[in-house]
Amino acid sequence: MAEKVLVTGGAGYIGSHCVVELIEAGFQPVVLDNFSNAVRGEGDMPESLRRIDNLLDTNIEFHELDLLDRPGLEKLFKKHAFSAVMHFAGLKAVGESVEQPLRYYRVNLTASMNLLEVMQAHRVHNLVFSSSATVYGDPQHLPIDEQHPVGGCTNPYGKTKYFIEEMIKDHCKAEENWNAVLLRYFNPIGAHSSGLIGEDPQGIPNNLLPYVAQVAIGRRKSLNVFGNDYDTLDGTGVRDYIHVVDLAKGHIAALKKLKDDCGCKVYNLGTGRGYSVLQMVKAMEKASGREISYKIAPRRGGDIASCYADPRLAEKELGWKAEFDLERMCEDLWRWQSMNPTGFTNGTAS
């Protein structure tokens, strides 16, 4: 019988792609989500999961639930014997976190504490946590490896990821039978090759590539490039962009690592190469065949100049390495955007 894995925030962008990989790897995902970053489809099922059901001819179990709802979470754990949890749920916008820090601390930290305590009460001791390269703050050296100092975060979102990591590390020290893999993402982009699922931001996109894609499709007039005076090759911010399917496959590798009674492990998931904002604009122009209008705007609070990974530890210990190049990332993103010009709500994919 397939192992059941609870996926929190599993209807969102990264979570939904991980659900696909879980099913294809032979696991049985049970998804909870509160629709803060997901679109409601037919019969209160998230549209992303409905499409996955059609794509893979499956029937995903879904629960509309907020991790702040402790009784609801207890009820779910009483119903299922989970072998592990993948924890994606949380607020995730850097700029918004600068404007609403208390909301980010309340939601992200309380939700994670609830989850850890309920897992402990129900003897579920295996966790894969969706962390972020923002825990490294302003890089002291590049590329960033897992030994780079953490905690000097430049925004509240990054601080919440850092604090959650510390909670998990301390809990694993206190409880020797716990295993956790903390995955520090760099910048996920792209979409599933089918064009059926992808990133569908609610409201104005907070991340670069969804915004660029919406400009290319005609939903937005132009892109604001936040700062062109950084110490980079063209003055715009440099990031390590990773295909979301590569990222999802990294979670499957992490899930398998838990079976080794690994204790608490930390891995970077990135490609090891950085691209500037303007390089990404050019790459999307090539993929879409359309000119993308942009204008230079002031720097955004909480941003840094450059950030890219040293991903060699994940390759060595997880047997994982990013496969898709920048061209493929942009092609898949454009396929998603062109098939779903207004996102999940009125997309043409079925």
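By the naming in an unreviewed UniProt entry, the chain is UDP-glucose 4-epimerase, taken from Seriola lalandi dorsalis. Per UniProt, the comment on the chain under Subunit (unreviewed entry) is "Homodimer." The record in UniProt for the chain states the following under Pathway (unreviewed entry): "Carbohydrate metabolism; galactose metabolism."

*Asks:* What should I look at first to understand the sheet that holds strand β6 (residues 179–185) in this one?
*Replies:* Two orientations exist for strands paired in a sheet by backbone hydrogen bonds: parallel and antiparallel. Reading across from one edge, β3-β2-β1-β4-β5-β6-β11 is the order of the seven strands in this open sheet, with parallel pairing throughout. Only two strands of the sheet have a single partner each, and these edge strands are β3 (61–64) and β11 (264–269). For this sheet, the mean inter-axis angle between neighbouring strands, taken without regard to orientation, is 20°. As defined by bridge partners, strand β5 (residues 126–132) adjoins β6 across seven bridges and the pair is classed as parallel. Across the sheet, the residue bridging to Leu127 is Ala180, located in β6.

*Asks:* Help me understand the environment of His171 in this model?
*Replies:* The residue His171 is located in helix α6 (residues 156–174) in this model. Overall, the relative accessible area of 19% leaves His171 in the buried class. Excluding anything up to four places from it in sequence, His171 contacts Gln120 and Trp178.

*Asks:* Honestly, the layout of surface pockets in this entry has me stumped. Any pointers?
*Replies:* Considering only enclosed or pocket space, the second largest pocket measures out at about 160 Å³ in volume. If you go around the second largest pocket, the residues you meet are Glu146, Gln147, Lys169, Arg184, Cys264, Lys265, Val266 and Leu313. In terms of residue count, β11 provides more of the lining of the second largest pocket than any other element does, three residues in total. Split into classes, the residues belonging to the lining of the second largest pocket amount to three nonpolar, one polar and four charged.

*Asks:* Looking at this model, I keep getting lost on the pattern of salt bridges. Mind explaining?
*Replies:* Any two side chains of opposite charge can pair, given that their charged atoms come close. A full pass over the atoms with the stated rule returns 18 salt bridges. With a shortest N-O distance of 3.0 Å, Arg299 and Asp229 are connected by a salt bridge. Of the two residues, Arg299 is situated in the loop between β13 (294–297) and β14 (306–307) and Asp229 in the loop between β8 (223–226) and β9 (238–239); the sequence distance between them amounts to 70 residues. Among the charged side chains, a network of salt bridges with common partners joins Arg40, Asp44 and Glu64.

*Asks:* Help me understand the sheet that holds strand β12 (residues 275–276) in this model?
*Replies:* In space, the three strands of this open sheet follow the order β12-β9-β14, with mixed pairing throughout. The open sheet is flanked by β12 and β14, the only strands paired with a single partner. Sheet analysis places β9 next to β14, joined by two bridges and oriented parallel. The partner of Arg239 across the bridge, within β14, is Cys307.

*Asks:* Can you help me understand the packing of aromatic side chains in this one?
*Replies:* The way to describe two aromatic rings as a pair is by their centre distance and the angle between their planes. Tallied over the full model, the rule gives five aromatic pairs. Consider the rings of Phe35 and Phe62, whose centres lie 5.7 Å apart with planes at 75°: the pair is edge-to-face. Of this pair, Phe35 sits in the loop between β2 (28–33) and α2 (47–56) while Phe62 sits in strand β3; the two residues are 27 residues apart in sequence, bridging distant segments of the chain. When the centroid spacing of 5.2 Å and the interplanar angle of 75° are considered together, the rings of Phe77 and Phe82 count as edge-to-face. Phe82 gets classed as buried once you look at its relative accessible area, which sits at 6%. Here the aromatic residues Tyr105, Tyr162 and Phe163 are joined through ring pairs into a cluster of three or more.

*Asks:* Hey, could you run me through helix α11 (residues 326–339) in this one?
*Replies:* Helix length check: α11 (14 residues) gives 20 Å between terminal C-alpha atoms against 20 Å at 1.5 Å per residue, within 8%. The complete set of buried residues in α11 reads Leu326, Met329, Cys330, Asp332, Leu333, Trp334, Trp336 and Gln337. Contacts from the buried residues of α11 go to α2, β7 (187–189), α7 (208–217), β10 (241–243), β12 and α9 (277–288).

About the cut-offs
- Residues numbered from 1 in each chain as written.
- Predicted model: local features only at pLDDT ≥ 70, side-chain atom pairs only at ≥ 80, totals over all residues.
- Heavy atoms only, no water.
- UniProt positions renumbered as here; feature names shortened; annotations may be inferred.
- Pairing = 2+ DSSP bridges.
- Helix = DSSP H or I, 4+ residues; strand = E, 2+ residues; numbered from the N terminus.
- Axes fitted to C-alpha atoms, helices over the stretch in contact; angles between N-to-C directions.
- Buried < 20%, exposed > 50% of the residue type's maximum accessible area, 1.4 Å probe, protein only.
- Contact = heavy atoms within 4.5 Å.
- 1 Å grid on protein atoms, 1.4 Å probe; cavity = no way out; pocket = protein on both sides within 12 Å on 5 of 7 lines; lining within 4 Å.
- Points joined across faces, edges and corners; volume = space filled by probe spheres on them.
- Nonpolar A, V, L, I, M, F, W, Y, C, P; charged D, E, K, R; others polar.
- Salt bridge = Lys/Arg side-chain N within 4 Å of Asp/Glu carboxyl O.
- Phe/Tyr/Trp six-rings, centres within 6.5 Å; stacked < 30°, edge-to-face > 60°.
- Expected span 1.5 Å × (residues − 1).

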